[in-house]
Amino acid sequence: MNLETWFLVIYFIAMVGIGVWTLKIGNKDSEGYLLGGRSLGPAVTALRLQSSSMSGYMFLGAGSLAYTKGYFSLWYAMGDIGGGVLNLSILGRRMRKLSQILGSLTSIEYLEHRYPSPWIRAIAAPVAVFCIFFYVMSQFIAGGRGLEMVTGIPYAWALLIAVGVIVFYTFLGGYLAVAYTDFVQAIIMLIGMVWILIGTMQAVGGWTAGNNAVGEINPNLLTMWGPDGFGSVQWGVIIGAVLVFSIGYMGWPHVNVSHMAMKRPSVARTASMYATGFNLLFIPAPYIVGIMALILLPNLDNPELAVFQVADTVLPNFAVGIVMAGIMAAIMSTADALLLQSGTIASQDLFQRFIKKDMSDSQSVWVSRFTVLILAIIGYIVAVNDPPAVAEVVIFSTTVLGAAFVPVYVAAAWWKKANVPGAISSMVLGTVSSVVWQLTGLVDVTGVDPMGIGIVCSTLALILVSLATQKSHPVPAHVVAALKETDKIGAIPAHMLTGQNDALAAQVPKDA
């Protein structure tokens, strides 16, 4: 084996080791497996949230966008840099507090507890699983391509190895394994990407020389307007690009579960500082590397491999191994979170909620585990036979998730008048409008991004329908009481916890 492969082997063994280490806590009960016992501090919370939302897109999609669009790609980076702090600031403390008051173990269950109706979960769970499946498939593809390039192993076998390692530690340790592997992976991602950036800038002769060379290829690549210049700008697409990775985070169930797993609500404040620091160092790098790849690799056949190929070109062999571990870390940290969230939704939000309501904690954990395994097998089969472009799959799935869920998650914690009809109409209209906009080609016709139209439609639906149905569908008293407590800074009073307050518990649906 070459040096790069040895680094990857050591990295894989370390990730599996974390899965084994967290096995005991993950086996305790549903809260242990699904939320890590609500025990995570600020650093792990922040880096877990960021690494699980960055994904292989940052090493494949970001480089591809930059290679083809130049500095226009930084519109996506601008949204990404602020996404973590926005999410933690707007949802972090409130969602952590409200989810515990209402007794929620999953981010979809949290929505039903906040908007008490079985239809909430019946609509939200399938939409989430559908989008998450395509998102996780894109991570499998990225992992397989990365391993194939470094090791020379055929794509099918490289994909199998990547999927196998991810499934193994997620299967064993649940959320705690995902959280701690994501924390380690975020550090590796940061080291790897910064190293590539430094090597790239040295190879092109510095910032000024690099930009001058790019300008000779096409001066428009040095602007934020794209290769065809200002006249071709579609402002709706730009707005959507910023929205996808800024407020879009707040609609991703696999990211929002990070808030629910914090040790205490106040963790969100410190975590936001860690998240901002990580983003400022990490996010601009792959876009800049992708732009400079135009100089270093002018005839690159597949732009998605820009960051991979640049790393292989500008770095010594031992460094390529570390960088490749960083690339695999980005991919795996998102894939594990997506797989666990898929299993969670299947076991808690579909199977236990609608099929076997008396399922024990142990049974619930095993249903979640087997769902992870089944989805991984299906994802592998699809990815190995007809792999689509990673950037396209990621942007589509995250757009739909954001359009469907951002308004209901934000209103759940902040707006006391948001009710069941408003939430249902918001999720349905957000999903339908963004999917139709994407599939019918209205993006090209109107110049408006699917995320932009989806967020507008879902937000208006939530507000207008909630206000119109206040009398027929008032927000339940126990939810109003929980929201008032969520407004306050400080520990949750014992009497506000569902299991310790008979009056409050009686108002929560028995089958929720």
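Since this is a predicted model, take the numbers as computed values, not measurements. (Residues numbered from 1 in each chain as written. Predicted model: local features only at pLDDT ≥ 70, side-chain atom pairs only at ≥ 80, totals over all residues. Heavy atoms only, no water.)

Draft legend 1. Representation of the overall build of the protein within the structure. For the protein, the count of helices and strands is 23 helices and zero strands. Among the 512 residues that make up the protein, the fraction classed as buried is 61%. At a minimum sequence separation of 6, the contacts of the protein that also span at least 24 residues come to 84%. (Helix = DSSP H or I, 4+ residues; strand = E, 2+ residues; numbered from the N terminus. Buried < 20%, exposed > 50% of the residue type's maximum accessible area, 1.4 Å probe, protein only. Contact = heavy atoms within 4.5 Å.)

Draft legend 2. Examining the pattern of salt bridges more closely. Enumeration over the complete set of coordinates arrives at six salt bridges. For the salt bridge of R121 with E109, the shortest nitrogen-to-oxygen distance reads 4.0 Å. Taken as a pair, R121 in helix α8 (residues 118-151) and E109 in helix α7 (residues 107-114) lie far apart in primary sequence, twelve residues in all. The partner of D487 in a salt bridge is K416, with the nearest N and O atoms 2.7 Å apart. On the criterion of sequence distance, the pair formed by D487 in the loop between α22 (477-486) and α23 (502-507) and K416 in the loop between α18 (390-414) and α19 (420-439) is long-range, its members being 71 residues apart. Judged by its relative accessible area of 33%, D487 falls in the partly exposed class. A single network of salt bridges, built from pairs that share partners, joins R94, K416 and D487. (Salt bridge = Lys/Arg side-chain N within 4 Å of Asp/Glu carboxyl O.)

Draft legend 3. The nonpolar core, seen in detail. Membership of the largest hydrophobic core comes to 139 residues, with the highest contact counts inside it found for F59, Y115, F140 and F405. Examining the composition of this core, we find that 18 residues originate from one element, α8, more than from any other. Other than its neighbours up to four places away in sequence, F59 contacts M189, M193, F282, E304, V307, F308, G326, I327 and A330. Judged by nonpolar contacts, the second largest core, of five residues, contains L40, L176, A179 and A261. (Core = buried A, V, L, I, M, F, W, Y, C linked by side-chain atoms within 4.5 Å.)

Draft legend 4. Molecular detail of the packing of aromatic side chains. The final tally for this structure, using the stated rule, is five aromatic pairs. When the ring of F278 is compared with that of F282, the centres are 5.4 Å apart and the planes differ by 15°; the resulting orientation is stacked. You can see F278 and its partner F282 sitting in helix α13 (residues 267-282), four residues apart, about one turn around the helix. For the pair formed by F278 and F282, the shared burial category is buried. Three or more aromatic residues joined by ring pairs make a cluster, and in this case those are Y110, F405 and Y409. A cation over a ring is seen here: R94 above W414, with NZ or CZ 3.7 Å from the ring centre. (Phe/Tyr/Trp six-rings, centres within 6.5 Å; stacked < 30°, edge-to-face > 60°. Lys NZ or Arg CZ within 6 Å of the ring centre and 35° of its normal.)

Draft legend 5. Representation of the environment of V85 within the structure. Inspection of the secondary structure puts V85 in helix α6 (residues 74-102). When the C-alpha positions of V85 and A46 are compared, they lie 9.0 Å apart, and in sequence the two are 39 residues distant. With near-sequence residues (within four places) excluded, V85 lies in contact with S272 and T276.

Draft legend 6. Highlighting helix α5 (residues 61-69). Extensive coverage of α5 is indicated by the burial of seven of its nine residues. For α5, the set of buried residues is G61, A62, G63, S64, L65, A66 and Y67. Two residues or fewer past α5, G70 is found with a positive phi of approximately 70°.

Draft legend 7. Spotlight on the side chain of T45. Looking at the element boundaries, T45 is found in helix α4 (residues 42-54). Beyond its immediate sequence surroundings of up to four residues, T45 is in contact with L40, L88, S258, M262, V267 and A271.

Draft legend 8. The arrangement of the packing of α7 against α8 in detail. Where α7 contacts α8, the axes come no closer than 8 Å and their chain directions differ by 155°. Judged by the angle between their axes, α7 and α8 are roughly antiparallel. In the packing of α7 onto α8, the handedness of the crossing is right-handed. For the pair α7 and α8, the contacting residues are I108, E109, L111, E112 and H113 in the first and P118, I120, R121, A124, A125 and A128 in the second. When its residues are assigned to classes, the contact of α7 with α8 shows seven nonpolar, one polar and three charged. (Axes fitted to C-alpha atoms, helices over the stretch in contact; angles between N-to-C directions. Parallel < 35°, antiparallel > 145°, perpendicular 65-115°, else oblique. Left-handed = near helix turned anticlockwise from the far one by under 90°. Nonpolar A, V, L, I, M, F, W, Y, C, P; charged D, E, K, R; others polar.)

Draft legend 9. Local environment of the environment of C457. Along the chain, C457 turns up in helix α21 (residues 450-468). Residues C457 and M427 lie 30 residues apart in sequence; the distance between their C-alpha atoms is 9.5 Å. Setting aside anything within four residues of it in sequence, one finds C457 in contact with L429 and S433.

Draft legend 10. View of the packing of α13 against helix α14 (residues 284-296). Put simply, α13 and α14 touch, their axes get as near as 5 Å, and they point 5° apart. Here α13 is positioned roughly parallel relative to α14, judged by the angle of their axes. From α13, N279, L280, L281 and F282 reach across to α14, where they touch P284, A285 and P286. Across the contact of α13 with α14, the residue classes tally to six nonpolar, one polar and no charged.

Draft legend 11. Region of interest: the side chain of S73. Turning to its location among the elements, S73 is positioned in the loop between α5 and α6. With a relative accessible area of 0%, S73 lands in the buried category. A distance of 2.8 Å separates a polar atom in the side chain of S73 from the backbone oxygen of G70. Not counting residues up to four positions away in its chain, the partners in contact with S73 are L65, A66 and Y287. (Polar contact = N/O pair within 3.5 Å; in protein donor to acceptor, adjacent residues only side chain to side chain.)

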